[in-house]
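Examining the three-dimensional arrangement
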Amino acid sequence: MDFDSLTDFLGEKASIALAGLLVGLLFGIFAQRSRFCMRSAVVEFWNRHGTAKLAIWLFAFSSALISTQTFISLGWLDVGQARQLSATGSLSGALLGGLLFGIGMILARGCSSRMLVLAANGNLRALLTGLIFAVTAQASLNGLLSPLRQWLASLWTIAGGSARDLLATFHLGHGGGIVFGLLWLAAAIHFARRSRLHHLEWLGGIGVGLMVALAWLLTYQFGSQSFEIIPVQSLSFTGPSADTLMLVLSPPGQPWDFDSGLVPGVVLGSFLAALWGGELKLEGFKDGHSMRRYIAGAICMGFGGMLAGGCAVGAGVSGAAVFALTAWISLLGMWLGAGLTNHLFDRPARQNLTTTPTPALNGESPAQP
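Residues numbered from 1 in each chain as written. Predicted model: local features only at pLDDT ≥ 70, side-chain atom pairs only at ≥ 80, totals over all residues. Heavy atoms only, no water.

1. Concerning the overall build of the chain
Helix and strand counts for the chain come out as 17 helices and two strands. At 20 Å, the chain has a C-alpha radius of gyration in line with the 21 Å of a compact globule built from 369 residues. Overall, the C-alpha framework of the chain stretches about 65 × 50 × 45 Å when taken along its three principal axes. The 369 residues of the chain split such that 54% are buried. For the chain, the proportion of contacts with a sequence separation of at least 24, taken over those separated by at least 6, is 83%. (Helix = DSSP H or I, 4+ residues; strand = E, 2+ residues; numbered from the N terminus. Rg over C-alpha atoms; globule rule 2.2 N^0.38 Å. Buried < 20%, exposed > 50% of the residue type's maximum accessible area, 1.4 Å probe, protein only. Contact = heavy atoms within 4.5 Å.)

2. Details of the layout of surface pockets
Estimates place the volume of the largest pocket at around 840 Å³. Of the residues forming the lining of the largest pocket, the biggest block, four residues, is contributed by helix 15 (residues 288–308). Along the lines of polarity and charge, the residues of the lining of the largest pocket split into 19 nonpolar, 17 polar and six charged. (1 Å grid on protein atoms, 1.4 Å probe; cavity = no way out; pocket = protein on both sides within 12 Å on 5 of 7 lines; lining within 4 Å. Points joined across faces, edges and corners; volume = space filled by probe spheres on them. Nonpolar A, V, L, I, M, F, W, Y, C, P; charged D, E, K, R; others polar.)

3. Here we look at the confidence of the model for the chain
Summing up the model confidence of the chain, the mean pLDDT is 91 and the portion of residues at 70 or higher is 93%. Across residues 358–368 the pLDDT falls below 50, and counting only partners more than four positions away or on other chains, this stretch makes 37 contacts in the model. (pLDDT = per-residue confidence, 0-100.)

4. What to know about the nonpolar core
One finds F27, W57 and L235 to be the most contacted residues of the largest nonpolar core, which totals 84 residues. The element that contributes the greatest number of residues to this core is helix 4 (residues 52–73), accounting for twelve residues. Aside from chain neighbours lying at most four places away, what touches W57 is F36, M38, A41, G316, V317, L331 and W335. (Core = buried A, V, L, I, M, F, W, Y, C linked by side-chain atoms within 4.5 Å.)

5. Quick word on the pattern of salt bridges
All chains considered together, the criterion is met by four salt bridges. Taking the shortest distance from any N to any O, the salt bridge between E279 and R33 comes out at 3.5 Å. In this pair, E279 sits in the loop between helix 14 (258–277) and helix 15 while R33 sits in helix 2 (residues 12–34), placing the two residues 246 residues apart along the sequence. Using a relative accessible area of 29% as the deciding quantity, one classes R33 as partly exposed. (Salt bridge = Lys/Arg side-chain N within 4 Å of Asp/Glu carboxyl O.)

6. So, the packing of aromatic side chains
One pass over the structure, following the stated rule, counts 15 aromatic pairs. For the ring pair W57 and F61, a centre distance of 4.8 Å and an interplane angle of 15° mean the geometry is stacked. Placement of the pair is W57 and F61 together in helix 4, with a separation of four residues, close to one helical turn. As far as the burial class goes, W57 and F61 line up, both buried. Within the aromatic cluster, the residues linked to one another by ring pairs are F45, W46, W57, F61, F180, W184, F323, W328 and W335. (Phe/Tyr/Trp six-rings, centres within 6.5 Å; stacked < 30°, edge-to-face > 60°.)

7. Things to note about the packing of helix 4 against helix 16 (residues 314–321)
Where helix 4 contacts helix 16, the two axes come as close as 8 Å, and the packing angle between them is 30°. By the angle between their directions, the pair helix 4 and helix 16 is classed as roughly parallel. In contact with W57, A60, F61, A64, L65, T68 and Q69 of helix 4, helix 16 contributes G316, V317, A320 and A321. (Axes fitted to C-alpha atoms, helices over the stretch in contact; angles between N-to-C directions. Parallel < 35°, antiparallel > 145°, perpendicular 65-115°, else oblique.)

8. Concerning helix 9 (residues 146–153)
Here helix 9 has its buried residues at S146, R149, L152 and A153. Here the buried residues of helix 9 occupy an arc of 130° about the axis, which is enough to place them on one side. Summarising the geometry of helix 9, the exposed residues directed more than 90 degrees from the buried face are P147 and W151. Those residues of helix 9 hidden inside the fold are in contact with strand 1 (89–90), helix 6 (91–107), helix 8 (124–142), strand 2 (157–158) and helix 15. (Arc of directions from axis to C-beta.)

9. Here we look at unusual backbone geometry
Although it is not a glycine, R109 adopts a positive phi angle of roughly 55°. Its location among the elements puts R109 in the loop between helix 6 and helix 7 (112–120). Accessibility expressed as a relative area gives 1% for R109, which makes it buried. Of note, the phi angle at F323 is positive, near 55°, even though the residue is not glycine.

10. Regarding the packing of helix 8 against helix 15
Following both chains from N to C, one finds helix 8 and helix 15 inclined at 35°, their axes separated by 7 Å at the closest point. Relative to helix 15, helix 8 is oriented so that their crossing is right-handed. Of the residues in helix 15, those in contact with R125, L128, T129, I132, F133, T136, A137, S140 and L141 of helix 8 are M291, Y294, I295, A298, I299, M301, G302, F303 and M306. Here the contact of helix 8 with helix 15 is built from residues that sort into 13 nonpolar, four polar and one charged. (Left-handed = near helix turned anticlockwise from the far one by under 90°.)

Laid out in structure tokens, this is it:
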């Protein structure tokens, strides 16, 4: 890929920000139309009830693995310098952060990317949750919560390089990564057929995964042709949400990067998709109990995501697509933390709904995002 003409016209910083905007725009459209949501997939899995949301998540997950590993196999992409593989990692941070993020995901009824999508559709619960998530993430990165995060992350670390690369550890190669992704794709197709999932939802889930791979590819290609240091990265919403918040609060003229375009792009894409589908609707909290629950969830996700090194998309899909060990541990922690929290908080409420006519959770449905 040759981006010389684009960078000559816009400049390198503006060009990479534009790439983030376009990827975010498409991600927002695909995520909104497919109802992509890791929390919903986890709830279906642990409750053994329904497979539609699980199928959508698996389509995104498998397509991200297959396309990313294909780009690497073709020589178009090199993720050796990506922070998920090259830097010293934290196994304790991945596990504890993943558990916390999973807990928060259930309490807030959606992960960080889902909050962006819903907020753009008029969901004020998601808007407040997203703001608190971003503030907590920033406090965990450089603020009041940073010492605690650093201490937890230092409990069990692992050197960067091949030690963090699962494909290298198990001598599978990138072809093995593609085969592994195809197995998950087969599972996605099985669950989609079982739930009679609409083909547009199939395509939306696959589109979400392709955006993960496209982000890896674009940032690598821009970085390899640039005189500036442009990190090889993919989609994530913990650090970028915190950075976007600080960009809004800082004086004009701050430098742009891929993340500067990503978050606004997701919001814009989700808004346009909801507008096209006639789904724009203002929604708020029903009572104080639900507000406290969402706030607690946002705090858990903000701290957990920064501790784990990524959110449900950043670690759970983007990091997993390059087979980073810490990302897979984070993903496991998210599923376990979410499953336990769902069992303790939401399953009893759903069971009560089957026996009594009174609304669960003070007027909010447990399935409400």
